[in-house]
Amino acid sequence: MKTFCGRANPTTGAMEWLEEDENYDYHQEIARSRYADMLHDKDRNMKYYQGIRAAVSRVKERGDKAIVLDIGTGTGLLSMMAASAGADFCYAIEVFKPMANAAMKIVEKNGFSDKIKVINKHSTEVTVGPDGDMQCRANILVTELFDTELIGEGALPTYEHAHKYLVQEGCEAVPQRATVYVQLVESKRMWSWNKLFPVHVKAEDGEKIIVSPSEMENCPGVPSVCDIQLNQMPSSDFTILSDVVTMFSVDFSKRVRSASTYYRVQLEPVKSGKAQIVLSWWDIDMDPSGMINCTMAPYWVKSTSAFQWRDHWMQCVYFLPNEEPVLQGEKVHLTACRDEYSVWYKLQKARGDEENKADVRVESPVCRCQAHLLWNRPRFGELNDQNRTRQYIKSLMKVLKTDSICLCISDGSLLPVLAHYLGAKQFFKANHLEDKIKIIEARPELLMSSHLEGKKISVLVGEPFFTTSLLPWHNLYFWYARTAVTSHLTSNVTVLPQSASLHMMIVEFQDLWRIRSPCGTCEGFDVQTMDDMIKNSLNFRESKEAEPHPLWEYPCKSLSDPQEVLTFDFRKTVPQHCLSTEGSVNLLRKGKSHGAVLWMEYHLAADISVSTGLMQISNVKGNCEWNPHCKQAVYFFSSVIESETLSDLPSAVTYAINFNTKTGEIAMDFKL
Ligand code: SAH
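Under an unreviewed UniProt entry, the name given to the protein is Protein arginine N-methyltransferase 7, and the source organism is Oceanites oceanicus. What UniProt records for the protein under Catalytic activity (unreviewed entry) is the sentence "L-arginyl-[protein] + S-adenosyl-L-methionine = N(omega)-methyl-L-arginyl-[protein] + S-adenosyl-L-homocysteine + H(+)".

In C-alpha cells, the structure reads:
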C-alpha cells in the first residue's frame, strides 16, 4: 500500500506530496532506533543479567516456579537471560509489531521457543487466565522501559497496571528500584539555553544594549526535559551549588502509583551563587540489596572506571522557573513535581514548613512569552552567543547604509533589531519595534509590493535559520526564498550572507559509531536478526541518508582535513541545474573511518564567515571542536576501515555529492 503525505520541503519550501510506502515509518523507527545502542551497553546488559539470575534464584530457593513477565521485550534479550538463568516460563510483551516479530525469530534461533512466549500487545491489553495470554500471574517482573528522564516512556502507568493485573503480590522485580538524584548548579552556558541575555551592540553613536522584555525575563519556560551528554560539559562551564541529593525513588516490586505528585528535599548550598539549573540523573538497583547498581551519574560524581558510554540514557538539565540567589549554608527547599510522564522543579527559600507546603502546586509551567515555543534550547544558546552576534554586527555594519531598505528572512531572528540599532532606515520583519520594523505575515513567494509599501529591497539578510531545518543544508531555504523575492530586490541588492559552502571531513568517533554498528552477540545471545533488520531498514531507501547529531556531545577525531565540497551563491538565484562535485580527500591520521561529517559555513560579507560545524581541530591528534549550538550531518559508512599504520590506509576517500536544486536534497556516495 502507498499513502500520500503532504509536507513542506524543508529546503525548497515547496509544498509537496510524497508517496510513502506504508512501511516507511516503521523502517525509519528501526533504522534510527536505540536498540543497537542498548545492545552495545555492556554495563546495562551485564547488570540486568546479574539481577535476573539473582531474582530467579530467590524464587527457586523458595521452592516456587519462576514465572517471568518481561514488559517491552524488544529483541527478547531479558527473557532469554531469564530462561538461561532457569526460569520456568517467560511472557515477553512487545507492543511494536516489527520488534515482536524480531523477538520471535531471535528467541527461536537461540533455542528458547519452549520457554518464552512473545506477545505482540501493549502490556495493558494482556489478559491472564486459562484462555488468556498468560496462564497465571508472574512472580518476576522484568522491564527496561526507562528513558533519560526515567519516566518519559510511560514506565509508571505500565508498572501500575502490571501490579494490579499481571503479577503476584510480593513479586521480584528487576530492576528492584530506581532513584533520581539532583544537584543544584549555576551555569551561564546552560542558562543561556533558557533565557535571552542582553545583547551589546557597538554602533557609531555609542554602545546600545538590547534587553529582553520583562514577560520573557519572568517566563517559567517549558517543562520539556533537556537531555544531554553531560559528560561532555567541562567542569569549568558550571559551578556546583549543592551536594548530590536523592530526590525520589520508586520501588518496582510494590504497587506503583502514577498519579501526579511532588517530592521535596532540603538543600544546604555548599556555595553562594545563583541557582539556575537542576542537573539530574538516575540509577537502578537490580536487586533488593543494592549491590548491582547501574548509574547514569556524570563524571564528577562517579569514578571513571565505572564509566560506560551510552546514548539511550543520558542526563537531564532542568531550568528553574527563575534564577534564585542562594547563600552558602542557608537552607532551601527543592521540589520535584511530576505527572505520569515528566518532571519539573522549583526552588523555595526554607521558611516555615507549613507556609511552604501551601505553595506547592503540581501544575506544569506554561511559557507565557512565546519565546520558549519559538526557540528551542540550542537556538537560545545560539542567539546568546556574543561571538557569533559580533560577526553579524560587523557584517551588517559593512553592508548597511542610512538609506538601506532591508528585508530579513529567518525564523525568530534578532537581525532586524541589530540592524535597527545600527541605523538601518527601514526594516521589514519581526519584533516589537513596530514603527521601525515591519513584520510581514507572508511566505516569501507570496510577498507583494504592497507589503513593502512599494519600495525595493536594497539589503536582504538572513542568518539563515529556520525552525524546520533538521540537516545543515535545509537552511538553504534562504536561497529559495531569496529567489522567490527577486522581483522586489534592487538591481544592486546586497545579500547577507553572500554565499554558503558545504564542508566535509572524514572522522573517527570515540563512541557514536556504536549506535549504527552491528552487535552480533549480546551476553552470549545471538542477536544478528536485529542487526539484519536495522541494516535492511537503513537500506530501505535506495540512497542512504545523513543524520543530524550535535557533535559537541559526541567526540570524534578528524582523519582528513576539512574540505569545502559545494558552494551556493546567494547573490544569484537558485540555478535550474543540479550542483554536483566529485573528488577525493586524503586521510592524514590513522584510525577508523566511521563516516563523514558535513556542515555549512556562511560567508556573511567579505572576510567574515560563521561555521555551523567545525570550529577548530584542537591538536595534532585531530580532536575536533564543534559549534555548540548546531547539529551537524553525519553519514555513517556501511563498512569501517581500520588501520594501525598510515601506510595500510587507502590514502584517500573518494566522494560524489549532488545537490538537486529541484528537490533540495543532497545525495552522497563515498568509496573507501
Ligand atoms: N527489553 C529490551 C528492549 C527495551 S526497549 C532490552 O532491554 O534490550 C523498550 C521496549 O519496550 C520497546 O521495544 C517498546 O516498544 C516496548 N514497550 C514500551 N512500553 C511497553 C508496554 N507498556 N507494553 C509493551 N511493550 C512496551
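What follows picks up the thread again.
A. Fine view of the packing of helix α5 (residues 97-109) against helix α15 (residues 528-538). Between α5 and α15, the least distance of the axes is 9 Å, while the angle of their chain directions is 145°. Along its contact with α5, which presents Pro98, Met99, Ala102, Lys105, Ile106 and Lys109, the element α15 presents Gln528, Thr529, Met530 and Met533. Here the contact of α5 with α15 is composed, by residue class, of 6 nonpolar, 2 polar and 2 charged.

B. Fine view of the site of the ligand. Close to the ligand lie 18 residues; Tyr35, Arg44, Gly72, Glu94 and Ser123 are nearest. Between the ligand and Tyr35 there is a distance of 2.5 Å, counted from an oxygen atom to a side-chain nitrogen or oxygen. Here a nitrogen atom of the ligand and a backbone polar atom of Val95 are 3.2 Å apart. Taken by itself the ligand offers 580 Å² of open surface, and the protein chains cover 90% of this. For the shell around the ligand, the class distribution of residues is 8 nonpolar, 6 polar and 4 charged.

C. Local environment of the sheet that holds strand β31 (residues 579-586). One open sheet accounts for 3 strands, arranged β31-β37-β38; its pairing is antiparallel. Each edge of the open sheet carries a strand with a single partner, namely β31 and β38 (665-671). Taking the axes of each pair of neighbouring strands and ignoring which way they run, one obtains an average angle of 15° across the sheet.

D. Spatial organisation of the pattern of salt bridges. Tallied over the entire structure, the rule returns 27 salt bridges. Residue Glu382 pairs with Arg379 through a salt bridge whose shortest N-O separation is 2.9 Å. Of the two residues, Glu382 and Arg379 both sit in helix α11 (residues 377-383), 3 residues apart, roughly one turn of that helix. Judged by relative accessible area, which is 6%, Glu382 ranks as buried. Arg379 gets classed as buried once you look at its relative accessible area, which sits at 1%. Linking Arg388 and Glu463 is a salt bridge whose minimum nitrogen-to-oxygen distance equals 2.8 Å.

E. Structural detail: the pairing of strand β33 (residues 608-611). Sheet analysis places strand β32 (residues 593-605) next to β33, joined by 4 bridges and oriented antiparallel. Within the sheet, the bridge partner assigned to Glu601 lies in β33 and is Ser611. In textbook terms, the turn of a hairpin is the stretch between consecutive antiparallel strands, and for β32 and β33 this stretch comprises 2 residues, one of which, Asp607, has a positive phi near 70°.

F. Up close: the sheet that holds strand β5 (residues 116-119). The 5 strands are arranged β5-β4-β3-β6-β7 in an open sheet whose pairing can be described as parallel. Taken across any chain shown, the strands that pair with only one partner, and hence form the sheet edges, are β5 and β7 (167-174). Each strand axis lies, on average, 25° off the axis of its neighbour in the sheet, ignoring direction. Note that strand β6 (residues 138-143) and β7 share 4 bridges and pair parallel. The residue bridging Ala138 from the neighbouring strand is Val167, located in β7.

G. Broad picture of the environment of Ser253. Residue placement: Ser253 occurs in the loop between β13 (245-251) and β14 (261-267). Residue Ser253 is classed as buried on the basis of its relative accessible area of 12%. Measuring from C-alpha to C-alpha, the distance between Ser253 and Pro288 comes to 9.2 Å, with 35 residues separating the pair along the chain. Among the polar contacts listed, one links the side chain of Ser253 to the side chain of Gln176, at a separation of 3.3 Å. Looking at Ser253, its side chain comes within polar contact range of the side chain of Asp251, at 2.7 Å.

H. Representation of the nonpolar core in the model. Counting 115 residues, the largest nonpolar core has Tyr48, Leu69, Phe146, Met247, Leu334 and Tyr345 as the members making the most contacts within it. Broken down by element, this core gets its largest block of residues, 7 residues, from strand β15 (residues 273-285). Taken domain by domain, this core gets at least three of its residues from each of domain 2 (34-177) and domain 3 (179-197 + 206-366). Leave out the neighbours within four places in its chain, and Tyr345 touches Val180, Val182, Met247, Val278, Ser280, Tyr318, Leu320, Pro321, Leu334, Thr335 and Ala336. Cys367, Leu460, Phe466 and Ala596 belong to the second largest nonpolar core, which has 81 residues in total.

I. Quick look at the domain arrangement of the protein. Parsing the protein into structural domains produces domain 1 (3-32), domain 2 (34-177), domain 3 (179-197 + 206-366), domain 4 (385-496) and domain 5 (499-510 + 555-671). Computed over C-alpha atoms, the centres of domain 2 and domain 5 are 43 Å apart.

J. Highlighting helix α12 (residues 386-399). Between its first and last C-alpha, α12 extends 20 Å over 14 residues, near the 20 Å set by a 1.5 Å rise per residue. Those residues of α12 not exposed but buried are Arg388, Thr389, Gln391, Tyr392, Ile393, Ser395, Leu396 and Val399. Capping of α12 at its N-terminal end is provided by Asp385; its side-chain oxygen lies 3.0 Å from the backbone amide nitrogen of Asn387.

K. View of unusual backbone geometry. Of note, the bond from Val174 into Pro175 is cis; its omega dihedral lies within 30 degrees of zero at 0°. Position of Pro175 relative to the elements: it lies in the loop between β7 and β8 (177-186). Cis peptide bonds are those with omega within 30 degrees of zero, and the linkage from Glu463 to Pro464 qualifies with -15°. By the secondary structure assignment, Pro464 is in the loop between β23 (457-461) and α14 (477-484). Residues other than glycine seldom take positive phi values, yet Glu453 does so here, at roughly 55°. As for its placement among the helices and strands, Glu453 is situated in the loop between β22 (437-438) and β23.

L. Geometry of the side chain of Asp147. Along the chain, the position of Asp147 falls in the loop between β6 and α6 (155-165). Buried charge Asp147 goes without a salt bridge, the closest partner of opposite sign being Arg34 at 8.6 Å. Excluding its chain neighbours within four sequence positions, the residues that come into contact with Asp147 are Gly152, Glu153, Trp282 and Trp313.

Calculation criteria
- Residues numbered from 1 in each chain as written.
- Predicted model: local features only at pLDDT ≥ 70, side-chain atom pairs only at ≥ 80, totals over all residues.
- Heavy atoms only, no water.
- UniProt positions renumbered as here; feature names shortened; annotations may be inferred.
- Axes fitted to C-alpha atoms, helices over the stretch in contact; angles between N-to-C directions.
- Helix = DSSP H or I, 4+ residues; strand = E, 2+ residues; numbered from the N terminus.
- Contact = heavy atoms within 4.5 Å.
- Nonpolar A, V, L, I, M, F, W, Y, C, P; charged D, E, K, R; others polar.
- Near = heavy atom within 4 Å.
- Polar contact = N/O pair within 3.5 Å; in protein donor to acceptor, adjacent residues only side chain to side chain.
- Areas by Shrake-Rupley, 256 points an atom, 1.4 Å probe, with all protein chains shown as cover.
- Pairing = 2+ DSSP bridges.
- Salt bridge = Lys/Arg side-chain N within 4 Å of Asp/Glu carboxyl O.
- Buried < 20%, exposed > 50% of the residue type's maximum accessible area, 1.4 Å probe, protein only.
- Core = buried A, V, L, I, M, F, W, Y, C linked by side-chain atoms within 4.5 Å.
- Domains from an automatic or database assignment.
- Expected span 1.5 Å × (residues − 1).
- Lys, Arg positive; Asp, Glu negative; His and termini not counted.

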